[in-house]
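# Chain and residue survey
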Amino acid sequence: MLFALFFGYGYARYIEPKLMKVTQITMKNGKIPPAFDGLRLVQFSDTHLGHDYSIAQLVKVVSKINQLSPDIILFTGDLVDKPNQYEYLHKIAPELKKLKAPLGKYSIYGNHDHGGYGTDVYKAIMDESGFSLLKNSGKKISLLDGSFIYLAGIDDLMLGKPDYEQALAGADSSHFTLLLAHEPDAALEAKKHPADWQLSGHSHGGQVQLPLYGPLITPPFASVYTEGMYEEDGLTLYVNRGLGTTRLPFRFLSVPEITVFTLRTKEKST
């Protein structure tokens with residue numbers, strides 16, 4: 001029994017937090033233009049760079065994402081755990097700049113990106129890294145044939161000022177719209193707007209789960225939707241478990257993940 005406790009502690013503290021699973025998801029919707037069929041979106045989230053997540057680990061994440069040959073890269077918030085205390089801020093942008101995606105790199109604010117006087121720091125890092133920071137804003141991602149999808153991002157629910165109407169001002173129900181929202185429970189409001197899919201992070205999948213019970217604790221605005229896929233009222237939500245840890249440096253039955261979404265029109269995704 002004592003051995004099992006020590007093994008469980010060691011696994012949750014030193015092994016699982018350093019794992020990295022690539023989850024493959026088909027993003028299927030009849031509104032996705034034929035020219036976008038087969039394109040790949042890669043989402044990563046919640047690195048929480050700091051004492052328990054190093055620049056060396058970020059280097060591995062960048063390498064892994066580039067190996068996945070993404071067309072679009074999406075970061076859904078919480079880059080640095082404590083921006084006002086992190087001494088290696090200057091090393092982040094040179095790594096994130098190495099990420100390659102022909103149709104662009106996009107990011108949103110998480111609560112830790114605003115916390116610790118990090119709002120301007122985060123923006124500066126993402127700007128230098130070549131990411132477009134979507135703060136209650138959106139843009140058309142277009143191909144040469146003129147077809148497009150609409151990508152929007154809202155500000156953080158906890159420490160920002162989210163505005164769904166402003167973020168989705170350029171969206172309409174006839175074109176495919178993808179919404180980035182750090183907190184998954186944003187879907188409760190998002191499904192009232194013209195969004196077809198929402199991608200979120202924030203929850204870490206609970207970070208520590210127990211068999212047959214699930215997450216021990218979930219953060220605010222991640223109590224309704226915790227991890228994985230949900231479909232409600234015309235909105236499909238995917239909650240990424242993130243890569244880092246916060247508060248406690250443990251993960252158990254909540255392996256860090258990068259998500260690859262392959263776009264498919266309904267006609268080609270039986």
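What you see as residue numbers is a count from 1 along each chain, following the sequence as written. It should be noted that, the model being predicted, local features are given only for residues of pLDDT at least 70 and side-chain atom pairs only at 80 or more, the latter also being counted only at that level, while totals for whole chains, interfaces and linings use all residues. Hydrogens are left out, water is left out, and the side-chain values use all remaining heavy atoms of the structure.

What follows deals with the sheet that holds strand S6 (residues 137-142). Spatial ordering of the open sheet is given by S6-S7-S8-S9-S13-S12, a layout of six strands whose pairing is mixed. Here the strands that pair on one side only, and so sit at the sheet edges, are S6 and strand S12 (228-232). This sheet shows a mean twist of 20 degrees between the axes of neighbouring strands, independent of strand direction. In short, DSSP must find at least two bridges between two strands for them to pair. A helix here means a DSSP run of H or I that spans at least four residues, while a strand means a run of E at least two residues long, and both kinds are numbered starting from the N terminus. Inspection of the sheet shows S12 paired to strand S13 (residues 235-239) by five bridges, in the antiparallel sense. Opposite Met229, over in S13, you have Tyr238 as the bridge partner. Every angle, taken between N-to-C directions, lies between 0 and 180 degrees, and every axis is a line fitted to C-alpha atoms, over only the stretch in contact when it is a helix.

Take the pairing of S13 next. In terms of residue burial, S13 counts as a mostly covered element, since five of its five residues are buried. Across four bridges, the pairing between strand S9 (residues 197-200) and S13 is parallel. Bridge assignment links Ser200 to a residue of S13, and that residue is Val239. Counting the residues in the hairpin turn of S12 and S13 gives two residues, including Asp233, whose phi is positive at 50 degrees. Think of it in three bands: with a 1.4 Å probe and only protein chains considered, a residue is buried below 20% of the maximum accessible area for its type, exposed above 50%, and partly exposed in between.

Quick look at the packing of aromatic side chains now. Pairing of aromatic side chains requires ring centres within 6.5 Å, counting the rings of Phe and Tyr and the six-membered ring of Trp. Pairs whose planes differ by under 30 degrees are stacked, by over 60 edge-to-face, and all others tilted. Applying the stated rule across the entire model yields eight aromatic pairs. With a centroid separation of 4.8 Å and 50 degrees between ring planes, the pair formed by Phe44 and Phe75 is classed as tilted. Of this pair, Phe44 sits in strand S2 (residues 40-44) while Phe75 sits in strand S3 (residues 72-75); the two residues are 31 residues apart in sequence, bridging distant segments of the chain. Residue classification places Phe44 among the buried residues on the basis of a relative accessible area of 1%.

For the rest of this paragraph, the subject is the layout of surface pockets. Both cavities and pockets are sets of points on a 1 Å grid over the protein atoms alone; in a cavity a 1.4 Å probe fits but cannot get out, in a pocket the set is open with protein on both sides within 12 Å along at least five of seven lines, and lining residues sit with an atom within 4 Å of a point. Grid points are joined across faces, edges and corners, and a volume is the space filled by probe spheres set on the points. Reported here for the largest pocket is a volume of approximately 550 Å³. Residues are grouped as follows: Ala, Val, Leu, Ile, Met, Phe, Trp, Tyr, Cys and Pro are nonpolar; Asp, Glu, Lys and Arg are charged; every other residue, Gly included, is polar. Looking at the lining of the largest pocket residue by residue, the class counts come to eight nonpolar, ten polar and two charged. Reported here for the second largest pocket is a volume of approximately 370 Å³. Around the second largest pocket sit 18 residues that line it, and Leu49, Gly50, His51, Asp52 and Asp81 are the ones nearest its centre.

Let us now look at the sheet that holds strand S5 (residues 131-133). Pairing is mixed across the open sheet formed by six strands, whose spatial order is S1-S14-S2-S3-S4-S5. The outermost strands of the open sheet, each flanked by one partner alone, are strand S1 (21-28) and S5. Adjacent strand axes in the sheet meet at a mean angle of 25 degrees, parallel and antiparallel pairs treated alike. The contact criterion used throughout is that any non-hydrogen atoms of two residues lie within 4.5 Å. Running over the sheet, helix H5 (residues 119-129) touches S3, strand S4 (105-107) and S5 and is turned about 140 degrees from S5.

Turning our eyes to something else, we now look at empty space enclosed by the protein. Taken as a whole, this structure holds two cavities of 30 Å³ or more when the rule is applied. Roughly 50 Å³ of volume is contained in the largest cavity. Around the largest cavity, the lining residues are Ala187, Lys191, Tyr225, Tyr230, Glu231, Glu232, Leu235, Thr236 and Leu237. Among the secondary structure elements, those contributing two or more residues to the lining of the largest cavity are S12 and S13. Approximately 40 Å³ is the volume attributed to the second largest cavity. Lining the second largest cavity are Leu79, Val80, Pro83, Leu89, Asp113, Gly118, Val121, Tyr122 and Ile125. The element best represented in the lining of the second largest cavity is H5, accounting for three residues. Of the residues contributing to the lining of the second largest cavity, the split by class is seven nonpolar, one polar and one charged.

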